[in-house]
Amino acid sequence: MTILTILAEITGDIEVGLKAMGYGLAAIGPGIGIGYLVGNAVQAMARQPEAAGMVRTTMFLGIAFAEALALFGFVLFFL
Amino acid sequence: MPAALAAFEFPPVSHLFEWPVVILDGTPLAINKTVVLTGAAALLTIGFFVLGSRKRALVPSGFQNLAESSYELVEENIAVEVMGAEDGKRWTPFLTSLFFFIFFMNIFEVIPGIQFPPTSRIAIPALLAIIVWLMMIFLGMKTQGVGGYFKSSLFPPGVPKVLYLLVTPIEFISTFLVRPFSHAVRLFANMMAGHILLTTFALLSAALWLGKWNAIFLPLPVVGGAAMTGFEVLVAVLQAYIFTILTAVYIGGSLHPEH
């Protein structure tokens, strides 16, 4: 909480800059995660083309969950 | 270059999403662009399937073919894939209307002259997510009983008894609080980001067009804007797909608890 209150006291441009940095930081994790996820999904589809449909559905689900974290960062940037 | 960019001023973000009220100002029924577009998406969805199912020829052709293959697309790729053959077929009508309602709202983002997705206002994704959330809880209670539903969702089987102290709060937060929130925010934030992205490219193109070096710098944002428009079409389909498939997962999870 103390960090948040200190952040709230810093005014103007610095706050906006920090928010933007926060969004950048929030995008790192999901970026790496989605990279791994899709890469492995492609590998699975290449090894087992008949399972491609199932893999693709699960892949999109995983992407949706991983992506949510980055999007939270994006929304909090505007709050 | 600095002279060209000096004229460029990005409007505050609220400018891109808040529309003036057209009629019935001051009443709860005030109508602005968002309301009109949401209604248009609903009418398009209804019209698409009503027109497609009017003739009911045995061998579909033309419009009926399009409507039937869109229905089958949702049935095969979303409903049956996630919920299984029996439940999937029963829930396809709901999922299809949800998919096309969201898709039509999303695609307004790239249609020239409209270029605003109503889903980029949090109210609409939030309402849809709340409907799905209530359905999820209601169906879970209906099929498993009130106690059974909370037991299966809060106390997942196969966990050592002591760990329930840790697992149950996490499950409660993730199932009943984070789930509807992330369901709504995912659609909303994607469409909002897309809208801001397209606006940025359009404004950059306009600013460079008025600048001195327009012949050199203009092609970049113009090509970028065109490419981003194509990308946003993909996003519109993908987000409708993801919203629908998550709906199927949530409802399917209520109908068939993990054993």
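A quick note: this is a predicted structure, and the numbers were derived from the prediction, not measured.

Q: How do you make sense of the overall build of chain B when you look at a structure like this?
A: Tallying secondary structure elements over chain B gives 10 helices and zero strands in all. Going from the N terminus to the C terminus, chain B shows its helices and strands as α-α-α-α-α-α-α-α-α-α. Taken over the C-alpha atoms alone, chain B extends approximately 70 × 55 × 40 Å along its principal axes. Among the 259 residues that make up chain B, the fraction classed as buried is 41%. When contacts within chain B are restricted to residue pairs at least 6 apart in sequence, long-range pairs at least 24 apart make up 68% of them. Counting only carbon and sulfur atoms, one obtains 73% of the accessible surface of chain B, whose full area is about 14,100 Å². Averaging the positions of the 13 positive and the 14 negative side-chain charges in chain B gives two centres separated by 4 Å.

Q: Help me understand the overall build of chain A, please; the structure alone is not making it clear to me.
A: The helix and strand inventory of chain A stands at three helices and zero strands. Starting at the N terminus and ending at the C terminus, chain A contains elements arranged as α-α-α. Looking at chain A residue by residue over its 79 residues, the buried ones come to 25%. Taking the intrachain contacts of chain A between residues at least 6 apart in sequence as the baseline, contacts between residues at least 24 apart amount to 66%. Carbon and sulfur atoms provide 73% of the accessible area of chain A, an area that totals close to 5,200 Å².

Q: Quick question: what am I supposed to make of the packing of aromatic side chains here?
A: Any pair of aromatic rings gets described here by the distance separating the centres and the angle formed by the planes. Residue and element names in this part refer to chain B. Summed over the entire model, instances satisfying the criterion amount to 21 aromatic pairs over all chains. Pairing Trp19 with Phe116 gives two aromatic rings, centres 5.4 Å apart and planes at 70 degrees, and the pair type is edge-to-face. Taken together, the positions of Trp19 in the loop between helix H2 (13-17) and helix H3 (33-52) and Phe116 in the loop between helix H5 (85-107) and helix H6 (123-144) put the pair 97 residues apart, joining distant regions of the chain. For Trp19, a relative accessible area of 30% corresponds to the partly exposed category. Connected via pairs of aromatic rings, a cluster forms that spans Phe48, Phe49, Phe63, Phe99, Phe100, Phe103 and Phe104.

Q: What should I look at first to understand the pattern of salt bridges in this one?
A: A pair can form between side chains of opposite charge whenever their charged atoms are brought close. Residues and elements named next belong to chain B. The tally for this structure, following the rule as stated, stands at two salt bridges over all chains. A salt bridge links Lys89 to Glu75; its shortest N-O distance comes to 3.4 Å. With a gap of 14 residues between them, Lys89 in helix H5 and Glu75 in helix H4 (residues 62-83) connect regions that are remote in the sequence. The partner of Arg90 in a salt bridge is Asp87, with the nearest N and O atoms 3.2 Å apart. In this pair, Arg90 and Asp87 are both assigned in helix H5, three residues apart and thus about one turn of the helix distant.

Q: I'm lost on a nonpolar patch on the surface in this one. Help?
A: Residues and elements named next belong to chain A. On the surface, a cluster of nonpolar side chains totalling about 460 Å² of accessible area is made up of Leu25, Ile28, Ile32 and Tyr36. If you trace the backbone, Ile28 turns up in helix H2 (residues 12-47). Under the relative-accessibility criterion, Ile28 is labelled partly exposed at 46%.

Q: I'm lost on the side chain of Thr57(A) in this one. Help?
A: Structurally, the position occupied by Thr57(A) is in helix H3 (residues 52-78). Among the residues examined, Thr57(A) registers a relative accessible area of 7% and is labelled buried. Apart from the residues within four sequence positions on either side, Thr57(A) is in contact with Asn77(B), Glu81(B), Val82(B), Tyr241(B) and Ile245(B).

Quick notes on the rules
Residues numbered from 1 in each chain as written. Chains lettered and ligands numbered in written order. Predicted model: local features only at pLDDT ≥ 70, side-chain atom pairs only at ≥ 80, totals over all residues. Heavy atoms only, no water. Helix = DSSP H or I, 4+ residues; strand = E, 2+ residues; numbered from the N terminus. Buried < 20%, exposed > 50% of the residue type's maximum accessible area, 1.4 Å probe, protein only. Contact = heavy atoms within 4.5 Å. Areas by Shrake-Rupley, 256 points an atom, 1.4 Å probe, with all protein chains shown as cover. Lys, Arg positive; Asp, Glu negative; His and termini not counted. Charge placed at Lys NZ, Arg CZ, Asp CG, Glu CD. Phe/Tyr/Trp six-rings, centres within 6.5 Å; stacked < 30°, edge-to-face > 60°. Salt bridge = Lys/Arg side-chain N within 4 Å of Asp/Glu carboxyl O. Patch = residues over 30% accessible without salt bridge, like charges linked within 9 Å, V, L, I, M, F, W, Y side chains within 5 Å.

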